[in-house]
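Architecture and fold: a report
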Amino acid sequence: MSKAPTLRLDRLLSNLGYGSRREVQDLIEAGYVLLDGDAIIDGDEKIAVTPDLPTRMTVEDEPLDPLPGLVLMLNKPVGVTCSHKEQGPLVYSLLPERWCERNPALSTIGRLDKETSGLLLLTDDGALLHRIISPKANIPKRYDVTLDRALRGDEAKIFAAGTLMLEGEDKPLLPAAFEAVSDRRGFVTITEGRYHQVRRMFAAVGNHVTALMRDRVGALALPDDLAPGEFRILSEDELAKVFS
Ligand code: URA
């Protein structure tokens, strides 16, 4: 059996965003940190970081926050941004404040632009992040697209051809699938993640996207009960769906 890694209690709590080493030291010394019901008052104490730790440790009577290796799904609302490069509140403002102080930090897995809503994954696991966004992974992402003008009818054929060139680029897009559901709405599935890709694909066929919502990453679908602005921790089964 492999041995669980150990970490000093003050470092564990500080890495989880509970405060600076000095601040968590105060919490610990005041008896606010309990393991299996007993206060640990020495911040130097080495803690075995086992997966069940959040069920055994409490901080100020609340279960310990999730350990590193966190993967979240967020239903991104329109108007929040994935990066400081765009103006507006960041998606991180939708998470508990402490979770934004963690080390390793939570990052979005790829991006949705400010006006795009839907399924956004976040993780503090850099290797997982790269495994999902790597072009080699070829993970399909499905978008529900609403358009300004009626479809021409040849969009599916054009997107599937693998020859569509976006303005300002010198490499054609990989084949993408399109399924119309009405004359101004459909689902497009892409495996790349070029800048504003879906909006630019429709601009290339003379249309304009008026609403864009990602509803699937791999076989993982945005759950109906996850309202815009809400998030939850992904289960192992859900994470496996991203790759299937
Ligand atoms: N394509 C876009 O145009 N915007 C997104 O946010 C994602 C894909």
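As the structure is a prediction and not an experimental result, all values here were calculated from the model.

Parameters and conventions
- Residues numbered from 1 in each chain as written.
- Predicted model: local features only at pLDDT ≥ 70, side-chain atom pairs only at ≥ 80, totals over all residues.
- Heavy atoms only, no water.
- Domains from an automatic or database assignment.
- Contact = heavy atoms within 4.5 Å.
- Buried area = accessible area lost by both parts, 1.4 Å probe.
- Salt bridge = Lys/Arg side-chain N within 4 Å of Asp/Glu carboxyl O.
- Polar contact = N/O pair within 3.5 Å; in protein donor to acceptor, adjacent residues only side chain to side chain.
- Helix = DSSP H or I, 4+ residues; strand = E, 2+ residues; numbered from the N terminus.
- Buried < 20%, exposed > 50% of the residue type's maximum accessible area, 1.4 Å probe, protein only.
- Pairing = 2+ DSSP bridges.

With that out of the way, let us pick up the domain arrangement of the protein. The domains assigned to the protein are domain 1 (6–63), domain 2 (71–135 + 226–242) and domain 3 (140–217). Computed from C-alpha atoms alone, the centre-to-centre distance between domain 2 and domain 3 is 23 Å. The interface is formed by twelve residues belonging to domain 2 together with nine residues belonging to domain 3. Carbon and sulfur atoms make up 47% of the surface buried where domain 2 meets domain 3, a total of about 830 Å² over both sides. Where domain 2 meets domain 3, there are one salt bridge. Linking domain 2 to domain 3 there are six residue pairs in polar contact (both at pLDDT 80 or more). For the side of domain 2 that touches domain 3, the secondary-structure elements that each account for two or more residues are β9 (116–123) and α7 (236–242). Residue contributions to the side of domain 2 that touches domain 3 peak at six residues, all from β9.

Taken across its eight residues, β9 has eight buried, putting it largely inside the fold. In terms of strand pairing, strand β7 (residues 71–76) meets β9 through six bridges, oriented antiparallel. Within β9, the residue paired with leucine 72 across the bridge is leucine 122. Sheet analysis places strand β8 (residues 107–108) next to β9, joined by two bridges and oriented antiparallel. Directly across from serine 107, in β9, lies its bridge partner threonine 123. When β9 meets strand β13 (residues 209–217), the two strands line up parallel, connected through three bridges. Bridging across to β13, threonine 116 finds its partner in leucine 212.

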